[in-house]
Amino acid sequence: MKLLTLFIIPVIICGFTILGIEYGLYYKNFNPFKHIKQSGAMKAMHSWQRERAYPEDDIPEAAYYRAYEQIQAEFSKQSMILNNQWQDIGPKNIGGRTISIAIDPVNPDIIYAGAASGGLWRSTTGGAGVQAWEYIETGYPVNGVGAIAINYDNPEIIYIGTGEVYAYQNSIGGLSIRATRGSYGIGILKTTDGGDTWTKSLDWSYNQKRGVQMIRIHPVNPEILFAATTEGIYKSTNAGGAWTLVHPVIMATDLLIHPNSPDTIISAHGNLNSSGNGIYRSTNGGATWLKITSGLPASYGGKTLLAGFESDPDIVWASIGFGETSGAGTNLAKSTDFGATWTVVNTDDYATYQGWFSHFVVPHPTDPSKILTAGVDVYKSTDGGTNFSQKSYWYLWDFGVPPVGGPEGPPDYSHADHHAYAIHPTNPNIVYFGNDGGVFRTTDFGETFSGLNGGYQSTQFYKRFGVSKADTTRAIGGMQDNATAIWEGTVAWRRVLGGDGCCTQISHTNTDTMYGSSQYLSIRRSTNKGLNWSGIAPPSSNPAFNGQFLVAPSNGKILYGGGEYFYKSTNAGNNWTALNSGAPVNGDPVLSIAISYTNPDTVYITTAPYVRRAEVFRSTNGGTTFTNITSSLPDRYPVDISVDPADSRIVYVTFSGYGTPHLYKSTDAGASWTDISGNLPDVPTSAVIIDPENRDHLFVGNDLGVFVSFNGGANWNLLNNGIPGSFLVMDLAYSPVDRMLFAATHGRGVYRIPLTGLTSAGTAGNENTVTDFALGQNYPNPFNAGTQFSFTIPQEGDAAVRLYDVTGKQIAELLSGTISAGTHFVRLGASQLNALASGVYYYSVEWKGRKQTKKLIYMK
């Protein structure tokens, strides 16, 4: 039996920051253990979590799932005329942070990967190819997938654990380090049909502070399961039908079951100085546990990951992290009696500052001399762990356009921050890694590496996505630990700059001029479409992690940007002038900026509540002075602000957090505000944009997707058509030249949808009258892993959706029976496709004697 092991890391470079790390020179003899900074991942997740939790220490237990239930109940009654759907535009050549991975024990070409906030993915090609991955829809709002376990007797039975959590609720508190999470969790889900349908197993829908770190299946009786969770160790004796907390030490990060004596279990607990941290052992199936101290460090603040040696199950390894601070250290420990006693065999700090986040140990299944450890990079020992040599170098990644499904760097490149691994069940030299760049593989046990991210659209974009106003094939965005990427009309994006890509822009008046940045407002400018870059950062201003700047719509040479201190440039960033008489606007960093479309001297800003409460300001004199227009707005993070393109007195602002309205409108330049949240769900809301050609058409992006109002915010419609599953929207952007709306997501890459012809068929919350009977074209097409299409019927009635071959012979009835009025989505997945040969097929919808048919192309 092979089970995945999962774990986690970001990085450093000198002079400027790349991948969240600050290093010196790029050469292989450089010793990263001597140049250590606080993790960029820690800071990024602080920002993500604090924005959503404020003014509390953490997110409410049940709010996110209740909002999801609201849109399922209320918005399912809506119908829209959907000649247009969202199209995924990538990147499909750059993977996002991946925190779990597992291989089908019967068919090792089938691999499952869990993204940090992009859900569950599957490959049927061993990860190879330009369309290697397909998104797996679970029917639930699954963002982070932290654990995957596949039944060794029946690989159609799969369990996934959800959520990405590194600190126990508010165990460390404070403003600088708070409860640290990367996405919501809803417990454990189970499928018995290879992922086509899912049910709740351990239901934490209303306990979303919790996360599941590891799931292990009993080696003899697959009805027995153990799960390492933020609440401790849970056990099920009926294949996940019910779970019992058998070991309540919090922040359980891993566990191992002895394959020959399965009543003997060891578990690892602790992270970020949580209580009870250490390694525990049970010899009676989890009934009682003993903390093991023999040979282990007296204390450590990070997390511990375990690994067994297949050829001798009594031998186990532990990768022990000492927390998050500079020089904290990592220990590699070994036990020869399945965890009863330990010996620290190596103290090389391969995890550096990522002992809380991303590291693991991989013993070769048959050769005890070979061991891999990984943190930022991968290291290998050929003497049983005494000495290690570095085998991968994160900074060797390719800038330019990595080929889709092809090499992303030289053979000694594996992306930084390794979280998870899985060993091939029949070839012990093949190991798959999940890291901050997606899925990678070594076929020679750590000598060389290759990326396997063809179609794995899981990148985490940050706020402020730049779209050209004149070029239909140009956009730019910044990604977590994946630099900045430029879209040029294909799913293969061009990587530029470095670090955590943050705020980006494209000049409205010169489409060749674009701007990118890395963390803390390190702005760079290109005047030749991103081929060359120069630094134009304003003076030190204590900015936010994703420091904000914005180009004036009416004058491409005017920029505003900053943090606690706010600046303006009138020459495209060559020089900056301190605004507000050189004094901070209010002492807190700027969170969002909006500039009038007609007068660049009119600017609105919002500030993050660090020292003071959240506030909103307006300047009508180019930043010489600012007026506080916060008034009655709620004290939540005001994440986005947007000005009406035709009237600068009309302004909209969105709010994150829970329990207060999320969208306000002013028609008098902020003198007064009106709540227009209406029937929007109560979830953090990150983006608002106005359709300049239909100014009553408003679009909002939040943690459950995109919503549209056709009447100025009086009521709202769900606009997730064509995007399977839930997704976190970080920003919305508009391209006037082709009337496209872009959605940059945190975990699912970027989508776009044409606005031409997008109309409402009714009012939110009511049964709508739809006049069109329509069948949508499937997407993607051609396809190999799966595809989806929609159909719309104007009245409830008997309907059927069928699949035919080229001769007209019916192959499958995909849906039949009484179908409600509205738009419905049908997905063709593995269960329908496995028996088909490559070729042309047709699908149809029939309703009340009417029929529509479209063609699809299946390519194995």
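Residues numbered from 1 in each chain as written. Predicted model: local features only at pLDDT ≥ 70, side-chain atom pairs only at ≥ 80, totals over all residues. Heavy atoms only, no water.

As a further point, take the overall build of the protein chain. The helix and strand tally for the protein chain stands at three helices and 68 strands. Expressed as a percentage of the 860 residues in the protein chain, the buried residues total 66%. Summed over all atoms, the accessible surface of the protein chain reaches about 26,600 Å², with 48% contributed by carbon and sulfur. (Helix = DSSP H or I, 4+ residues; strand = E, 2+ residues; numbered from the N terminus. Buried < 20%, exposed > 50% of the residue type's maximum accessible area, 1.4 Å probe, protein only. Areas by Shrake-Rupley, 256 points an atom, 1.4 Å probe, with all protein chains shown as cover.)

The tendency in soluble globular proteins is for nonpolar side chains to be buried as a group. Counting 40 residues, the largest nonpolar core has L120, I148, I160, W198, Y652 and L663 as the members making the most contacts within it. Those elements that provide at least two residues to this core are α2 (63-74), β8 (145-150), β9 (158-162), β54 (685-690) and β55 (698-702). In terms of residue count, the dominant contributor to this core is α2 (six residues). A307, L332, F388 and A483 belong to the second-largest nonpolar core, a separate cluster that totals 26 residues. (Core = buried A, V, L, I, M, F, W, Y, C linked by side-chain atoms within 4.5 Å.)

This paragraph deals with the pattern of salt bridges. Once their charged atoms are close, side chains differing in charge can pair, the charge on each being opposite to the other. In the structure shown here, the tally under the stated rule is 26 salt bridges. A salt bridge links R739 to E693, with the shortest nitrogen-to-oxygen separation between them at 3.6 Å. Of the two residues, R739 sits in the loop between β58 (729-735) and β59 (740-745) while E693 sits in the loop between β54 and β55, which places them 46 residues apart along the sequence. On the basis of relative accessibility, which here comes to 10%, the residue R739 falls in the buried class. Look at E693 and you get exposed, because its relative accessible area is 54%. Salt bridges linked by common partners bring K463, R464, D640 and D731 together as one network. (Salt bridge = Lys/Arg side-chain N within 4 Å of Asp/Glu carboxyl O.)

A few words now on the environment of Y462. Relative to the helices and strands, Y462 resides in the loop between β33 (450-451) and β34 (466-467). Exposure remark for Y462: the relative accessible area of 7% places this residue in the buried category. Spatially, the C-alpha atoms of Y462 and T745 are 7.8 Å apart, while their sequence positions differ by 283 residues. With near-sequence residues (within four places) excluded, Y462 lies in contact with A44, G478, M479, Q480, D500, G501, C502, F545, N546, M730 and H746. Reaching out from Y462, the side chain makes a polar contact with the side chain of D500 at a distance of 3.0 Å. (Contact = heavy atoms within 4.5 Å. Polar contact = N/O pair within 3.5 Å; in protein donor to acceptor, adjacent residues only side chain to side chain.)

Next up on the list: the confidence of the model for the protein chain. Across the protein chain, pLDDT averages 88, with 89% of residues at or above 70. For the stretch residues 761-770, pLDDT sits under 50, and the model shows 27 contacts to residues farther than four places along the chain or on other chains. (pLDDT = per-residue confidence, 0-100.)

Looking now at the environment of T660. Inspection of the secondary structure assignment puts T660 in the loop between β51 (651-655) and β52 (663-666). Accessibility expressed as a relative area gives 19% for T660, which makes it buried. In contact with T660, other than residues within four places in its own chain, are P634, R636 and D682.

Attention now moves to the sheet that holds strand β27 (residues 371-374). Overall, antiparallel pairing links the four strands, which are arranged β26-β27-β28-β29 in an open sheet. Edge positions in the sheet fall to β26 (360-363) and β29 (389-390), since each has one partner strand and no second. Both strand β28 (residues 378-381) and β29 contribute to a ladder of two bridges, which runs antiparallel. What sits directly across from Y379, in β29, is Q390. (Pairing = 2+ DSSP bridges.)

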